[in-house]
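# Analysis of the macromolecular model
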Amino acid sequence: MTGTNNAGSWVRSWGASPQAAHDGLSSLNDYPNLADVTLRQVVRISGGGRRVRIRFTNEFGTAPFTIGAARVGLAAPGGGVRPGSEHVLTFSGTSSVTVPAGAPILSDPVDLHLPALAKLSISLYLPGRVETCTCHDPALETGWRIPGDAVASPTLPENADVLPVRALISAVELLPDAPAKAIVVVGDSRSDGAGSTPDTNHSWPELLAERLAERGVATGYVSNQGISGNRMLNNGIGVAAAARFDRDVLATPGLGYVVLSVGGNDLAISFAPRDGDGPLAEFLKVFPGAPVTRDDVIAGYRQLSARAHDHGVRVYATTIAPYEGAEVYTPEGESARQAVNEWIRTSGAFDAVLDFDAVWRDPARPSRIREDFHIGDHLHGNDAGYRALADSINLSLFR
């Protein structure tokens, strides 16, 4: 099966799944209101193209907000914009737009030739207050909040402060120079890049995009739809993957491949220790819904695979990597993880399996991540760990 031939069609080259501002995470707690400020954010695209449009988001907003002005250009170090690359963004021909509550909005396309892996600077001025910020947490790429209208400033003003989340933008879409397809990764914190060094683009989906770009593969368009703390079947930190699948995955322009890398949190949270009232008990309160079984998770995988296959795209799944040593670990959860991984490897439900468990597990203790691959919490990868995952992927799967 193959997706659409996208010669002359839009393809998503960067993405961040929208979340509610206080969706189980705390980065915006006590942060000043977004009103009469400019947001300047940097994103690194995966595949290149000749025209670009930006998808802004108010999908979790409780009221409309207004974009008074917006620009896009090639990012320069330190929050600047490369001279001569700036383009004013318009919306149906006008320089300002009101984004309805609960909705996204696309900018008009602009002509901007972008090579693969280019870094874009996206600035938007918010003249009024944003009641509820639709965001993505964490950003893992530094962005800034600047008082007033600084959209046209070629350098970062001195009164800028760091924006702790990815705010009000959810995708960059391009017209490629040749037929191309998008790879969408739907996952949790291990896909999101939690634990990787900020501002280095070291999540495994971004490192996969680097490998594809280096080899000139036409499917070098990778949209990372991981949400840290996300589950497949129940909401909690982010809307459950099964619930957001149509929006974040199936509606992706140029969709050609889906990589399912979610389900580990469903098992870890369901089987986590529940005695006591310490930090772990408080953490688990973020995750509502009844515990799920390994059969529930397997049924969820079957559903997502079928929904993607119905769109004529190839579906790959990653096995669930170990987590012994993390606070949520239990032997019962480990048994369920092993059973689900065996099913992923042998069921035939997917067009291919990416065996991340085999890459990360310690040969001497397979229920643990190798010591040189995690950040010390026995749960999240470090830069070397994510590099190992990306390097383990057979690029011929995406040709």
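Here is a short report on the structure shown in this document.

The next point concerns the pairing of strand β5 (residues 69–76). For β5, a buried count of six out of eight residues is recorded, marking the element as mostly surrounded by other parts of the structure. In this sheet, strand β6 (residues 80–81) lies alongside β5 in antiparallel orientation, the contact comprising two bridges. Paired with Ala-75 across the strands is Val-81, a residue of β6. Between β5 and β6, which pair antiparallel in sequence order, lie three residues; one of them, Gly-78, sits at a positive phi of approximately 75°.

With that out of the way, let us pick up the pattern of salt bridges. Under the definition given, this model contains 24 salt bridges. Look at the salt bridges and you will find they share partners, linking Glu-334, Arg-337, Arg-345, Asp-355, Asp-357 and Arg-361 into a network.

What follows covers the side chain of Arg-53. By the element assignment, Arg-53 lies in strand β3 (residues 49–57). A polar side-chain atom of Arg-53 sits 2.8 Å from a polar atom in the side chain of Glu-173. Setting aside anything within four residues of it in sequence, one finds Arg-53 in contact with Trp-10, Leu-106, Ser-107, Asp-108, Pro-109, Ala-171, Val-172, Glu-173 and Pro-253.

Now for helix α3 (residues 241–250). Looking only at α3, the buried set comprises Ala-241, Arg-244, Phe-245, Asp-248, Val-249 and Leu-250. For α3, the elements touching its buried residues are β17 (182–187), β18 (221–226), β19 (255–261) and α6 (294–309).

Looking now at the packing of aromatic side chains. Given two aromatic rings, their pairing is described by the distance between the two centres and the angle made by the two planes. Considering all chains together, one arrives at 11 aromatic pairs under this definition. Consider the rings of Tyr-257 and Tyr-316, whose centres lie 6.0 Å apart with planes at 35°: the pair is tilted. Of this pair, Tyr-257 sits in strand β19 while Tyr-316 is found in strand β20 (residues 314–318), placing the two residues 59 residues apart along the sequence. Here Trp-343 and Phe-350 contribute two aromatic rings whose centre-to-centre distance is 5.6 Å and whose plane-to-plane angle is 85°, an arrangement assigned as edge-to-face. Taking relative accessible area as the criterion, Trp-343 reaches 12% and is therefore assigned buried. For Phe-350, a relative accessible area of 9% puts it in the buried group. Connected via pairs of aromatic rings, a cluster forms that spans Tyr-257, Tyr-316 and Phe-398.

Now for the packing of α3 against α6. Two numbers describe how α3 lies on α6: the axes approach to 11 Å, and their chain directions differ by 30°. It follows that α3 is roughly parallel to α6 by the angle criterion. Taken as a pair, α3 and α6 cross one another with a handedness that is right-handed. On α6, the residues that touch Ala-242, Phe-245, Asp-246 and Leu-250 of α3 are Leu-304, Arg-307 and Ala-308. Its residues placed into classes, the contact of α3 with α6 shows five nonpolar, no polar and two charged.

Applying the stated rule across the entire model yields three cavities of 30 Å³ or more. Its volume calculated, the largest cavity comes out at about 340 Å³. If you go around the largest cavity, you meet 27 residues; those closest to its centre are Trp-14, Ala-139, Ser-203, Glu-206 and Asn-224. Breaking the lining of the largest cavity down by element, the ones donating at least two residues are β1 (11–15), β2 (35–44), α2 (204–214) and β18. Looking at the lining of the largest cavity, its residues break down into 10 nonpolar, 11 polar and six charged.

The strands that make up a sheet pair up through hydrogen bonds in the backbone, lying either parallel or antiparallel. What the five strands build is an open sheet, ordered β18-β17-β19-β20-β21; its pairing is parallel. Looking at strand neighbours, the two that pair on one side only are β18 and β21 (352–354), the edges of this open sheet. This sheet shows a mean twist of 20° between the axes of neighbouring strands, independent of strand direction. The pairing of β19 with β20 spans four bridges and is classified as parallel. Paired with Val-259 across the bridge in β20 is Tyr-316. Here α2 sits on the sheet in contact with β17, β18 and β19, set at roughly 175° to β18. Sitting on the sheet, α3 is in contact with β17, β18 and β19, with an inclination near 160° to β17.

Space inside the largest pocket adds up to approximately 680 Å³. Residue lining of the largest pocket: 37 residues in total, with Ser-189, Gly-229, Asn-265, Leu-379 and His-380 positioned closest to the centre. Top contributing element to the lining of the largest pocket by residue count: helix α4 (residues 264–270), with four residues. Looking at side-chain class alone, the lining of the largest pocket contains 22 nonpolar, 11 polar and four charged residues. There is about 240 Å³ of room inside the second largest pocket. Taken together, 18 residues make up the lining of the second largest pocket; nearest its centre are Gly-47, Gly-48, Ala-116, Val-217 and Tyr-221. In terms of residue class, the lining of the second largest pocket is built from 11 nonpolar, six polar and one charged.

The rules we used
Residues numbered from 1 in each chain as written. Predicted model: local features only at pLDDT ≥ 70, side-chain atom pairs only at ≥ 80, totals over all residues. Heavy atoms only, no water. Buried < 20%, exposed > 50% of the residue type's maximum accessible area, 1.4 Å probe, protein only. Helix = DSSP H or I, 4+ residues; strand = E, 2+ residues; numbered from the N terminus. Pairing = 2+ DSSP bridges. Salt bridge = Lys/Arg side-chain N within 4 Å of Asp/Glu carboxyl O. Polar contact = N/O pair within 3.5 Å; in protein donor to acceptor, adjacent residues only side chain to side chain. Contact = heavy atoms within 4.5 Å. Phe/Tyr/Trp six-rings, centres within 6.5 Å; stacked < 30°, edge-to-face > 60°. Axes fitted to C-alpha atoms, helices over the stretch in contact; angles between N-to-C directions. Parallel < 35°, antiparallel > 145°, perpendicular 65-115°, else oblique. Left-handed = near helix turned anticlockwise from the far one by under 90°. Nonpolar A, V, L, I, M, F, W, Y, C, P; charged D, E, K, R; others polar. 1 Å grid on protein atoms, 1.4 Å probe; cavity = no way out; pocket = protein on both sides within 12 Å on 5 of 7 lines; lining within 4 Å. Points joined across faces, edges and corners; volume = space filled by probe spheres on them.

Geometry only, nothing functional implied.
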